[in-house]
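# Observations on the model geometry
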Amino acid sequence: MFCGWCGQSNDDDAELCVQCGLSLHSGVLPMPESEPPAATLPRTHLPVFVEPMPESEPQTPTQQRSELPVAESVLEVGVGSQIAAPTTTEGPPSRSKVWLASALATALVAVIGLAAWFVLGRGPADPRPKDAIPSAARPVSPVASPAATASPCQVHPPSQVVAGTGQPLGPPAGTSGSSDAAGRTVTVGLIGPLTGDRSGLGQQVVQGAQAAIADANTNDIVPGVRFTLDAHDDQGNPSVGGQAASEVSATKAVGIIGPMNSDVAEQVLPLVGDLAVISPGSTAPGMTHGNDAAAPKRPWPGFFRVTTPDQVQGPILAQFVCAGMGISRVATLSETDWYGTTVVNTFAERFVALGGQVSTTLTLPKVTTDYSDAVARIKDSRAQAVVFGGLSPQGKQLRSALTAAGFTGPMVGGDEIFSGPFVEAARDGDVTITPAVSGRLLAGGRPPRLEGATAVQAYDATAALILAIRSAGPDASRAAVRDALQAVSFAGLTGPVSFDTFGDRAVVDATVHTFRGGTWDVSGFVREPSTT
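On a predicted model such as this, the values are computed, not experimentally measured, just so you know.

Let's shift gears to the packing of aromatic side chains. Inspection of the entire model under this criterion finds six aromatic pairs. Here Phe 304 and Phe 499 contribute two aromatic rings whose centre-to-centre distance is 5.1 Å and whose plane-to-plane angle is 65 degrees, an arrangement assigned as edge-to-face. Residue Phe 304 is found in strand 7 (residues 303-305), and its partner Phe 499 is found in the loop between strand 14 (495-498) and strand 15 (507-516); the two are separated by 195 residues along the sequence. By relative accessible area, Phe 499 is classed as buried at 8%. Consider the rings of Trp 338 and Tyr 339, whose centres lie 6.3 Å apart with planes at 90 degrees: the pair is edge-to-face. Its relative accessible area of 45% is what places Trp 338 among the partly exposed residues. Taken together, the ring pairs in this structure connect Phe 418, Phe 422, Phe 515 and Trp 520 into an aromatic cluster. Sitting above the plane of the Phe 304 ring, Arg 298 keeps its charged end 4.8 Å from the centroid.

The next point concerns the side chain of Asp 234. Tracing the backbone shows Asp 234 in the loop between strand 4 (225-233) and helix 3 (238-249). Salt bridges are absent for the buried Asp 234, whose nearest opposite-charge side chain, Arg 198, sits at 7.5 Å. Separated by 2.7 Å, the side chain of Asp 234 and the backbone nitrogen of Gly 236 make a polar contact. In contact with Asp 234, other than residues within four places in its own chain, are Ile 191, Gly 192, Pro 193, Val 240, Gly 241, Pro 259 and Val 264.

Another point: helix 7 (residues 338-353). For helix 7, spanning 16 residues, the distance from its first C-alpha to its last is 22 Å, which sits close to the expected 22 Å at 1.5 Å a residue. Of all the residues in helix 7, the buried ones are Tyr 339, Gly 340, Thr 342, Val 343, Val 344, Thr 346, Phe 347, Ala 348, Phe 351 and Val 352. In this fold, the buried residues of helix 7 make contact with helix 6 (310-324), strand 8 (329-335), strand 9 (357-364) and strand 10 (385-389). Of the residues one or two after helix 7, Gly 355 is the one with positive phi, at around 105 degrees.

The rules we used
- Residues numbered from 1 in each chain as written.
- Predicted model: local features only at pLDDT ≥ 70, side-chain atom pairs only at ≥ 80, totals over all residues.
- Heavy atoms only, no water.
- Phe/Tyr/Trp six-rings, centres within 6.5 Å; stacked < 30°, edge-to-face > 60°.
- Helix = DSSP H or I, 4+ residues; strand = E, 2+ residues; numbered from the N terminus.
- Buried < 20%, exposed > 50% of the residue type's maximum accessible area, 1.4 Å probe, protein only.
- Lys NZ or Arg CZ within 6 Å of the ring centre and 35° of its normal.
- Lys, Arg positive; Asp, Glu negative; His and termini not counted.
- Salt bridge = Lys/Arg side-chain N within 4 Å of Asp/Glu carboxyl O.
- Polar contact = N/O pair within 3.5 Å; in protein donor to acceptor, adjacent residues only side chain to side chain.
- Contact = heavy atoms within 4.5 Å.
- Expected span 1.5 Å × (residues − 1).

If you want it as structure tokens, here you go:
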């Protein structure tokens, strides 16, 4: 008879198998008349390593393994990971012991595969006790994901550059575009960081606004009206911004360009009455949607912006990481402020919806200087990339710690890491996002008078205000100009400009950049619909 465990041929009166030593009465394998096809073990993400059954010597008659009907079950082996473990179905009643023995043998194969996966795929266990990991660096509420598929991110790749960026304040069709006629003066106010740490951005705002006003005056966009700019310094400081708001309100300005900072804008808006305020740089979600994400409500009917808000950066990055990079498993780490948590949380929500997986979620305070424990947790989670929500200096520290620990995946972050200290530590393959216009600037599409992305955004912000004045009429009230701004729609330097019911751009184009050879390359332009 043949052993039901190893298939060895034995004497008919033998009690134990001469090959494996097991009882011959626990099951007998029948001799198949023909060779069946080899059974295939189902698998999900990870292979099951199967050792072939040893062949006995001599092999007369030839030993065959019977093929059993297999039903798939799933064995959880780690966060978000699965391997397939086969189970058997019932065989012929007259051979119940045979089927039982074969089922046990198949289960043994699955155990071998599981052990092989732990040894070869999962890596060594974390030798550190959990208490040795600072509480701030421990994973908190990892985002669950649906079962991954072979191609988890069925989305379109980054879209091409939006065609037809225009000259919103160019000469009217059929005219020379030149006018020197003296006329009525209309004042455009401006509040921005003209001095201080962010003065470079403030000067770009002034530059963009001045260029738009020059075009409007040259091309007589509003017949008989000459526009002038009245700029006020907020130093990037909310209290100073409040003073600037009071000063502008006391003038004859019909609208305000700025502020750049969201915290400054929060101080400005209660003090400007019916003045329209259009920002080229304020990105906080609450500025247009309020602070209750479950019930968004526009807090300031006169506030508009032409930049990419924080709640849009995360979804666009998620789309690119998933579809453009082919990554399906990430770790996220954010600082505790609204910017970092918004970028990371909106990323995770979109990424999981696309079929991706968040292996661990970490939150650290801005004062963190030692990222070694957080990096160890990231590596243990087998993340393919790290998504960071925070500022450039902290991003540099995290990137350096990842590199020192041998993490080879890319680091992905919001627009704050596009410049500043992070660039000093960036590695090829790292990814960030900026408004679409910056990509056009890098591609050589910058208007000659404008030196940076913020200047181009300020140009479109000013153009929107001027076109609203033209629509409402030069004698219109501040409230009428504000209401006209809601309906403005034109082809701007930054792409199509119009506003949704919250005051955000109805269509947001963003540029995704990949770090290569010491600089940011443009990887693509992604369009995100309005959050209305």
